[in-house]
Each structure stands twice: as structure tokens, then as C-alpha cells.
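Architecture and fold: a report
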Amino acid sequence: MMKHFGDVLTAMVTPFTEELTVDYDMVRKLARHLINNGSDGLVVLGTTGEVPTLSFEEKVEILKTVVDEIGDSSTIVAGTGSYSTSDSIRLTQKAEEIGVDGIMLVTPYYNKPPQDGLYKHFKLIAAETSLPIILYNVPGRTSRNIEVDTVQRLAMIDNIIAIKEASGDLEQVSTLCRTLPDDFYIYSGDDGLTLPTLSVGGQGIISVAAHLVGNEIKKMVTAFKAGKIEKAIELNKYLGVIFSGVFINTNPIPVKAALNMIGMNVGGVRPPLVNLTADENRKLNQILQDLNLI
């Protein structure tokens, strides 16, 4: 079982053509770009990748493309979780066959399973794979929090080794860091909470903003871990405007717009998402100019 997945992982967008088909050439190009610019690895097929709009066949082909491009040099985590336990198992097994390094399992959404249901869901998937697993707690999207007691139970399963914490609750994150084994890793799921999460014992960040400022985020995390706290604080202040900017509207609408602005042509978003308004475009463009990204 691997120690951890790295300090800075980017939750990669899914590039589309003008017709909103998957642009596999750009999938390859973007994956390489991210690894060359601060990312230790990628989370593919996550929320930022618009995974609910992708067919099973598209998911498989995206994973094959990314593994072929960067699989020999970087960590690849496949987002294989969904509302359905059986569908999650099916995609997990396919991802393992393709050769990813780990999987990420989002909390089942919409139907609000009780904590025992969450435990059973994750345990059943874990039993069907040898891959290391990151749990993904994002109650703002799923309407269900994975409570501390449930995470503690799940951490006893050998291949559940980490959690992406996007609850926005630093007290919960601090409790997890304090009470879980040292070899269970907590990743921030919010760019703006990366530094606070590190300060209470977190491992790193699964980032959206790293599409644009991956090198700077990596420098911030590295500085903090080297004890250069003031430098980390200054970098966090510098990055704050882009951390906010990529959430000026629903993720991943802004980050895809920003990538297009800097010349990484990842296309638009699939319905039911829509593109930024003209005013939002102007604001985001100004942020990128202010940071000398364009």
C-alpha cells in the first residue's frame, strides 16, 4: 500500500470540443501540463471533471488516456464513487484494470443515507479492489456529512487510507487529524483552506486552482512543511484572489473559462451547467491579468 498520493493533487477538468464531445487530445495535453506545473498527481473523473455528465465509456477512455500519458511518472486517482454502490464497484474494478494508482469515493448523494449506510457503501467497494482509497466528504454537494465516528471506523479498513475534506468545518478536520492514525491522510478539498488544514495536521490539497497556479501552491505547501511559516502565509495571501476567483460561479465553470483565457483550450461545460456571464468573465479575466497569468 502506497504511503500517500502526494501533497498537491489537481482535480482535473474534462476538456470538451465545441460539440461538447470529450477532447482526448486535450485530455492528454492538460494532464502533462499539470504534472509539469506543480501537481504531484491528478484526480480524474471528480466533480471538477463533470463526471455525472460522462458515459461509462467516456470515463474509461479518459482514464486510459491519462494513464498512457503520465502513468509512469505521476499519481493518478480515479473518481469512481457515485450514488450507486454497484456502479461504483464496476467503475472501480475497471479503473484498477486500466492501471490507476488509487480511487476516490464521493459520499453517495441525493438519497442521504444514514451513517451506517455510508459505512456499508464504502466498505463494500473497498472489499472489491486492492487499490488505496480516498474518501471524499463534500456535504455542500451531497447533503450528507461523513461524521468523524464513521471516518474512524472506515480508517480501520486496510485500503481506505485518506479523506478529501471539503466540509468547510475546520474543527472537524482538526478532530480527524488528532484522532486518526498517522498513516491516514487528510487532504483539504477547499483551496482557500489548504494552509489551515496543513496547520492542524493535514497532508495537502486536492485543488481546483492548481490548474492555474500549481507551482505556487506547491511552493506554499513545501514552505509550510519546511517550517517556513511566514513564507507560506505570504504565498497564501497572494493566492487568495485566485482561490476565490475559481469559485466565482459553480465549479468547474470558472476554472474552465480561466484555462481558455490562458490558452489551454478545454472548451465549455455540459448542461445543466452554463458558461460564465459577461460580467463574471470580465472579473475573472482581470484577476488573471493582475496575477500576470495572461
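Residues numbered from 1 in each chain as written. Predicted model: local features only at pLDDT ≥ 70, side-chain atom pairs only at ≥ 80, totals over all residues. Heavy atoms only, no water.

Looking at an unreviewed UniProt entry, one finds the chain named 4-hydroxy-tetrahydrodipicolinate synthase, with Iocasia fonsfrigidae as its source organism. Taken directly from UniProt, the Sequence similarities (unreviewed entry) text for the chain runs: "Belongs to the DapA family." Per UniProt, the chain has the following entry under Function (unreviewed entry): "Catalyzes the condensation of (S)-aspartate-beta-semialdehyde [(S)-ASA] and pyruvate to 4-hydroxy-tetrahydrodipicolinate (HTPA)." (UniProt positions renumbered as here; feature names shortened; annotations may be inferred.)

**Concerning the pairing of strand 4 (residues 102–106)**
Extensive coverage of strand 4 is indicated by the burial of 5 of its 5 residues. With burial as the criterion, each face of strand 4 is covered, one bearing Gly102, Met104 and Val106 and the other bearing Ile103 and Leu105. Examined bridge by bridge, strand 3 (residues 75–79) and strand 4 share 3 bridges and lie parallel to one another. Across the sheet, the residue bridging to valine 77 is glycine 102, located in strand 4. Assessed by its sense of winding, the connection that carries the chain from strand 3 through helix 3 (residues 85–98) to strand 4 is right-handed. When strand 4 meets strand 5 (residues 133–137), the two strands line up parallel, connected through 4 bridges. Along strand 5, the bridge assignment pairs valine 106 with tyrosine 136. (Buried < 20%, exposed > 50% of the residue type's maximum accessible area, 1.4 Å probe, protein only. Helix = DSSP H or I, 4+ residues; strand = E, 2+ residues; numbered from the N terminus. Pairing = 2+ DSSP bridges. Right-handed = clockwise from strand over helix to strand, strands pointing away.)

**Section: the side chain of asparagine 137**
On the secondary structure map, asparagine 137 appears in strand 5. Look at asparagine 137 and you get buried, because its relative accessible area is 0%. Looking at asparagine 137, its side chain comes within polar contact range of the side chain of glutamate 165, at 2.8 Å. If we ignore the near neighbours within four places in the chain, the residues touching asparagine 137 are Thr107, Arg144, Asn145, Ile146, Ile163, Lys164, Glu165, Ala166, Ser167 and Gln172. (Polar contact = N/O pair within 3.5 Å; in protein donor to acceptor, adjacent residues only side chain to side chain. Contact = heavy atoms within 4.5 Å.)

**Digging into the UniProt feature "site: Part of a proton relay during catalysis" (unreviewed entry) in the chain**
Those places that UniProt annotates as "site: Part of a proton relay during catalysis" (unreviewed entry) correspond, in this numbering, to Thr47 and Tyr110. Considering the arrangement of structural elements, one finds threonine 47 in the loop between strand 2 (41–44) and helix 2 (56–70). The class for threonine 47 is partly exposed, based on a relative accessible area of 24%. With residues near it in sequence (within four places) discarded, threonine 47 still touches Tyr136, Arg141 and Pro252. With respect to the secondary-structure elements, tyrosine 110 resides in the loop between strand 4 and helix 4 (115–126). Assessed through its relative accessible area of 70%, tyrosine 110 is described here as exposed. Beyond its immediate sequence surroundings of up to four residues, tyrosine 110 is in contact with Tyr83 and Thr142.

**Focus on unusual backbone geometry**
For the bond running from asparagine 251 to proline 252, omega is 10°, close enough to zero to count as cis. By the element assignment, proline 252 lies in the loop between helix 10 (229–245) and helix 11 (253–261). Positioned with a positive phi, leucine 20 is a non-glycine residue whose angle comes to about 65°. A residue is classified by how much of its surface remains accessible, and leucine 20, at 26% relative accessible area, is partly exposed. In this model, lysine 112 sits at a positive phi of 50°, which is unusual for a non-glycine residue. Its place among the elements puts lysine 112 in the loop between strand 4 and helix 4. Residue lysine 112 is classed as partly exposed on the basis of its relative accessible area of 45%.

**A closer look at the UniProt feature "active site" (unreviewed entry) in the chain**
Within the UniProt annotation, "active site" (unreviewed entry) is assigned to Tyr136 and Lys164. The named residues occupy 29 residues along the chain; their greatest pairwise C-alpha distance, 4.7 Å, places them in one compact cluster. Along the chain, the position of tyrosine 136 falls in strand 5. According to the relative accessible area criterion, tyrosine 136 is buried, its value standing at 6%. If near-sequence neighbours (up to four positions away) are discounted, tyrosine 136 is found in contact with Thr47, Met104, Leu105, Val106, Thr107, Ile146, Lys164 and Ala166. Positionally, lysine 164 belongs in strand 6 (residues 160–165). Residues contacting lysine 164, with those up to four places away along its chain left out, are Met104, Ile134, Leu135, Tyr136, Asn137, Tyr187, Ser188, Gly189 and Ile206.

**What about the packing of aromatic side chains?**
Under the definition given, this model contains 2 aromatic pairs. Plain terms: the ring middles of tyrosine 83 and tyrosine 109 are 6.1 Å apart, the flat faces sit at 55° to each other, and that makes the pair tilted. Here tyrosine 109 lies in the loop between strand 4 and helix 4 and tyrosine 83 lies in the loop between strand 3 and helix 3, a separation of 26 residues in the sequence. Taking the relative accessible area as the measure of exposure, tyrosine 109 reaches 33% and is therefore partly exposed. Both rings, one in tyrosine 83 and one in tyrosine 110, keep their centres 6.4 Å apart while their planes meet at 35°; by these two values the pair is tilted. In this pair, tyrosine 83 is assigned in the loop between strand 3 and helix 3 and tyrosine 110 in the loop between strand 4 and helix 4, connecting sequence segments 27 residues apart. Assessed through its relative accessible area of 39%, tyrosine 83 is described here as partly exposed. Following the ring pairs from residue to residue traces out a cluster consisting of Tyr83, Tyr109 and Tyr110. When the ring centre of phenylalanine 56 is taken as reference, the NZ or CZ atom of arginine 90 above it lies at 3.7 Å. Between the NZ or CZ atom of lysine 164 and the centre of the ring of tyrosine 136, over which it lies, the distance is 4.1 Å. (Phe/Tyr/Trp six-rings, centres within 6.5 Å; stacked < 30°, edge-to-face > 60°. Lys NZ or Arg CZ within 6 Å of the ring centre and 35° of its normal.)

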